[in-house]
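Results of the structural survey
As a plain string of letters, each chain reads:
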Amino acid sequence: NLAAANGHQVRVWSRQGSQIEAVLKDVQIVLSAISMIGVRDVASQVQSFPLSPETIFVTATKGLDPQTTCTPSQIWQQIFPNHPVVVLSGPNLSKEIQMQLPAATVVASNIPTAAEVVQLVFSSHRFRVYTNPDPLGVELGGTLKNVIAIAAGVCDGLQLGTNAKAALVTRGLTEMVRIGNNWGAKMETFYGLSGLGDLLATCNSPLSRNYQVGYQLAGGKSLTETLANLQGTAEGVNTCRVLMQRAKQQNIAVPITEQVYRLLQGEITPRQALDELMLRDIKPEYNY
Ligand SMILES: NC(=O)c1ccc[n+]([C@@H]2O[C@H](COP(=O)([O-])OP(=O)(O)OC[C@H]3O[C@@H](n4cnc5c(N)ncnc54)[C@H](O)[C@@H]3O)[C@@H](O)[C@H]2O)c1
Ligand SMILES: O=P(O)(O)OC[C@H](O)CO
């Protein structure tokens, strides 16, 4: 809608709809908003069709590949090594954008001119688009915050109060920065729209599916029941599992992610997760 409102010709593909070949014919930009589970499959399908070498791939998926722990843009870049890939991520609850409420986002790429093209395509008086040279940091911000949003939903579901929520979100950001550092992302990116910005949006909105997962679990629902009633994908559930695997391999301290993981596995109750976090060894605030 945003690109079409700017006068661009837009074609939409879904697996329920039109032929992918017809949609890809002569395109300048391919934007993927497939949920993580389908990214590799769809990128491989796209590979079978001819594209101009200048075609830019934009990815809006917020997740991690369970097999490889790759981010979605890394998958697109592996499959299309000679094409520019741009990450689009920010505090962008889609229902609000659909209602034309004001929002801002980030487009990030190793190829600055590609990010600038995408910035122009989507920018409007209701959608402010910033460029950024750290695609990995931008992508990880949008991905890692989903796990903290599950925890924030639990926090609100248990009615733990504003102090608890502020502590959780702030310590959640510290955890995101620690993981990002290990991964090779820039620390400052996590303090921008795609990190802190998206963390605040997702941890504070019932429109977020990840927040909803935590909220429903705190209310005593099982994960199976919660996911069955959820509209759309809560990527944080899969991301949390992949992250635990990587954190163990790389020896990264991820206390909040670990409690969310155990909760999702059904190993502990939301109250036990809270106690585990509060009763950890006391320590200095900063220890990246
Ligand atoms: N909804 C939002 O507010 C929002 C905002 C920013 C980013 N995102 C991210 O965008 C992605 C999609 O979110 P959504 O809200 O549209 O989720 P959704 O569950 O509503 O839609 C995901 C779509 O992916 C399709 N899909 C999955 N596997 C596929 C495959 N193998 N082949 C073809 N299609 C396949 C599904 O059919 C579905 O239409 C997620 O990674 C999400 O984190 C969502
Ligand atoms: O509904 P969620 O939890 O996937 O959140 C949507 C977006 O990531 C918010 O920016």
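By the naming in an unreviewed UniProt entry, the protein is Glycerol-3-phosphate dehydrogenase [NAD(P)+], taken from Nostoc cf. commune SO-36. In the Sequence similarities (unreviewed entry) part of its UniProt record, the protein is described as follows: "Belongs to the NAD-dependent glycerol-3-phosphate dehydrogenase family." Word for word, the UniProt comment on the protein under Pathway (unreviewed entry) is "Membrane lipid metabolism; glycerophospholipid metabolism."

**Thoughts on the UniProt feature "active site" (unreviewed entry) in the protein**
Under the UniProt annotation, the feature "active site" (unreviewed entry) is placed at Lys145. Turning to its location among the elements, Lys145 is positioned in helix H7 (residues 135–157). If we ignore the near neighbours within four places in the chain, the residues touching Lys145 are Lys62, Leu140, Met176, Asp198, Leu199 and Thr202.

**Quick notes on the packing of aromatic side chains**
Evaluation of the coordinates by the stated rule reveals four aromatic pairs. With a centroid separation of 5.9 Å and an interplanar angle of 25°, the aromatic rings of Tyr211 and Tyr215 are classed as stacked. Placement of the pair is Tyr211 and Tyr215 together in helix H10 (residues 209–218), with a separation of four residues, close to one helical turn. Accessibility expressed as a relative area gives 39% for Tyr215, which makes it partly exposed. Taken together through their ring pairs, the aromatic side chains of Phe57, Trp76 and Phe80 make up a single cluster. Lying across the ring of Trp183, Arg246 places its NZ or CZ 3.7 Å from the centre.

**Thoughts on the packing of helix H3 (residues 39–47) against helix H4 (residues 72–79)**
Contact geometry of H3 with H4 gives a least axis separation of 10 Å together with a crossing angle of 25°. Between H3 and H4, the interaxial angle falls into the category roughly parallel. Our pair here, H3 against H4, has a crossing hand that is right-handed. Across the interface between the two elements, Val39, Arg40, Ala43, Ser44, Val46 and Gln47 of H3 pack against Pro72, Ile75, Trp76, Gln78 and Ile79 of H4. Looking at the contact of H3 with H4 residue by residue, the class counts come to seven nonpolar, three polar and one charged.

**Here we look at the site of ligand 2**
As a matter of local geometry, ligand 2 sits amid Lys62, Gly90, Pro91, Asn92, Leu93, Lys145, Asp198, Thr202, Leu207, Ser208, Arg209 and Asn210. A distance of 2.6 Å separates an oxygen atom of ligand 2 from a polar atom in the side chain of Asp198. Take Asn210: an N or O atom from its side chain is 2.7 Å from an oxygen atom of ligand 2. If ligand 2 stood free it would expose 300 Å²; the protein chains cover 92% of that surface. Only helix H9 (193–203) and H10 provide two or more residues apiece to the shell around ligand 2. A per-class count over the shell around ligand 2 returns three nonpolar, five polar and four charged. Of the domains in this structure, domain 1 (2–132) and domain 2 (136–278) are the two that each give at least three residues to the shell around ligand 2.

Criteria and thresholds
- Residues numbered from 1 in each chain as written.
- Chains lettered and ligands numbered in written order.
- Predicted model: local features only at pLDDT ≥ 70, side-chain atom pairs only at ≥ 80, totals over all residues.
- Heavy atoms only, no water.
- UniProt positions renumbered as here; feature names shortened; annotations may be inferred.
- Helix = DSSP H or I, 4+ residues; strand = E, 2+ residues; numbered from the N terminus.
- Contact = heavy atoms within 4.5 Å.
- Phe/Tyr/Trp six-rings, centres within 6.5 Å; stacked < 30°, edge-to-face > 60°.
- Buried < 20%, exposed > 50% of the residue type's maximum accessible area, 1.4 Å probe, protein only.
- Lys NZ or Arg CZ within 6 Å of the ring centre and 35° of its normal.
- Axes fitted to C-alpha atoms, helices over the stretch in contact; angles between N-to-C directions.
- Parallel < 35°, antiparallel > 145°, perpendicular 65-115°, else oblique.
- Left-handed = near helix turned anticlockwise from the far one by under 90°.
- Nonpolar A, V, L, I, M, F, W, Y, C, P; charged D, E, K, R; others polar.
- Near = heavy atom within 4 Å.
- Polar contact = N/O pair within 3.5 Å; in protein donor to acceptor, adjacent residues only side chain to side chain.
- Areas by Shrake-Rupley, 256 points an atom, 1.4 Å probe, with all protein chains shown as cover.
- Domains from an automatic or database assignment.

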